[in-house]
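# Close look at the chain arrangement
Listed below are the residues making up each chain.
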Amino acid sequence: MTYQEGLKQVDKATKMINEANQLIVDTVMNAFLFTWQWWTAFAMIVAPWIIWGIFRNRESTARLFSAGLLVMVLSEILDTIGVSFGKWAYPVKVVPVATINFSYRLSVLPVFVMLLLQYKPNFNPFLKAVFFGVLGAYVGMPALEKFDLYKKIDWAFTYSFLILTSFYLLAHWFSRLNSFEKLEKK
């Protein structure tokens with residue numbers, strides 16, 4: 001394939017993606033909008049941040065939010081890859097865009113990590129990481145699947161367990177960096 005043929009292929013793929021996105025928009029607007037599943041997904045976007053706003057440790061907000069932001073970025077990257085390669089899908093969406101699922105990766109996951117980091121900060125991080133991984137992979141994801149908010153296609157929950165456990169451990173390490181201690185003492 002030549003370079004010019006490659007550009008034509010990308011144009012063709014882009015058109016197909018646009019058509020698929022239009023199908024998603026039509027489906028969300030005409031079949032899913034304001035269903036109980038849609039409201040559940042909407043609540044999963046809003047409620048965790050309200051809980052975080054109420055219960056966060058104000059002296060550690062920057063440190064904890066930075067760790068949560070790390071989880072958001074990593075989960076966004078891995079989730080986009082997984083959806084793109086057909087490993088899983090999000091049938092019901094709050095925002096009608098094919099690869100976007102704000103409720104889980106940009107709200108529930110980071111807020112749960114931040115709350116775990118905040119409470120019992122000296123508790124064994126490996127046990128917290130396993131707790132986070134088990135709850136997310138073996139309780140949260142099957143529940144999302146049952147409510148049609150997540151569809152496992154070519155994936156195992158054990159992979160998610162390993163990823164979520166790693167996310168927590170990375171967030172824990174990140175939140176303990178010395179630069180945050182200096183920031184909080186000011």
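Residues numbered from 1 in each chain as written. Predicted model: local features only at pLDDT ≥ 70, side-chain atom pairs only at ≥ 80, totals over all residues. Heavy atoms only, no water.

Right, let's get into the packing of helix α5 (residues 125-146) against helix α6 (residues 157-175). For the pair α5 and α6, interaxial distance at closest approach is 8 Å and the crossing angle is 140°. The angle between α5 and α6 falls in the class oblique. Judged by the sense of rotation from one axis to the other, the crossing of α5 with α6 is right-handed. Here the residues of the contact of α5 with α6 sort into 15 nonpolar, six polar and two charged. (Axes fitted to C-alpha atoms, helices over the stretch in contact; angles between N-to-C directions. Helix = DSSP H or I, 4+ residues; strand = E, 2+ residues; numbered from the N terminus. Parallel < 35°, antiparallel > 145°, perpendicular 65-115°, else oblique. Left-handed = near helix turned anticlockwise from the far one by under 90°. Nonpolar A, V, L, I, M, F, W, Y, C, P; charged D, E, K, R; others polar.)

The next subject is the pattern of salt bridges. Counted by the stated rule, this structure contains three salt bridges. As a salt-bridge pair, Asp154 and Lys87 come within 2.9 Å of each other at their nearest N and O atoms. Placement of Asp154 in the loop between β2 (151-152) and α6 and of Lys87 in the loop between α3 (61-84) and β1 (88-89) is noted, with a sequence separation of 67 residues between them. Under the relative-accessibility criterion, Lys87 is labelled partly exposed at 27%. One salt-bridge network, held together by shared partners, links Glu76, Asp79 and Arg105. (Salt bridge = Lys/Arg side-chain N within 4 Å of Asp/Glu carboxyl O. Buried < 20%, exposed > 50% of the residue type's maximum accessible area, 1.4 Å probe, protein only.)

As for its position among the elements, Lys93 is in the loop between β1 and α4 (102-118). Lacking a salt bridge, the buried Lys93 has Asp79 as its closest oppositely charged neighbour, with an N-O distance of 8.5 Å. A polar side-chain atom of Lys93 sits 2.2 Å from the main-chain carbonyl oxygen of Tyr90. (Lys, Arg positive; Asp, Glu negative; His and termini not counted. Polar contact = N/O pair within 3.5 Å; in protein donor to acceptor, adjacent residues only side chain to side chain.)

With that out of the way, let us pick up the layout of surface pockets. Reported here for the second largest pocket is a volume of approximately 190 Å³. What lines the second largest pocket is simply Met44, Tyr104, Val108, Leu109, Phe112, Phe132, Leu135, Gly136, Val139, Gly140, Ala143 and Leu144. Where the lining of the second largest pocket is concerned, the elements lending two or more residues are α4 and α5. The dominant element in the lining of the second largest pocket, judged by the number of residues it contributes, is α5, at seven residues. The residue makeup of the lining of the second largest pocket, split by class, is 10 nonpolar, two polar and no charged. (1 Å grid on protein atoms, 1.4 Å probe; cavity = no way out; pocket = protein on both sides within 12 Å on 5 of 7 lines; lining within 4 Å. Points joined across faces, edges and corners; volume = space filled by probe spheres on them.)

Coordinates in, geometry out; function isn't part of it.
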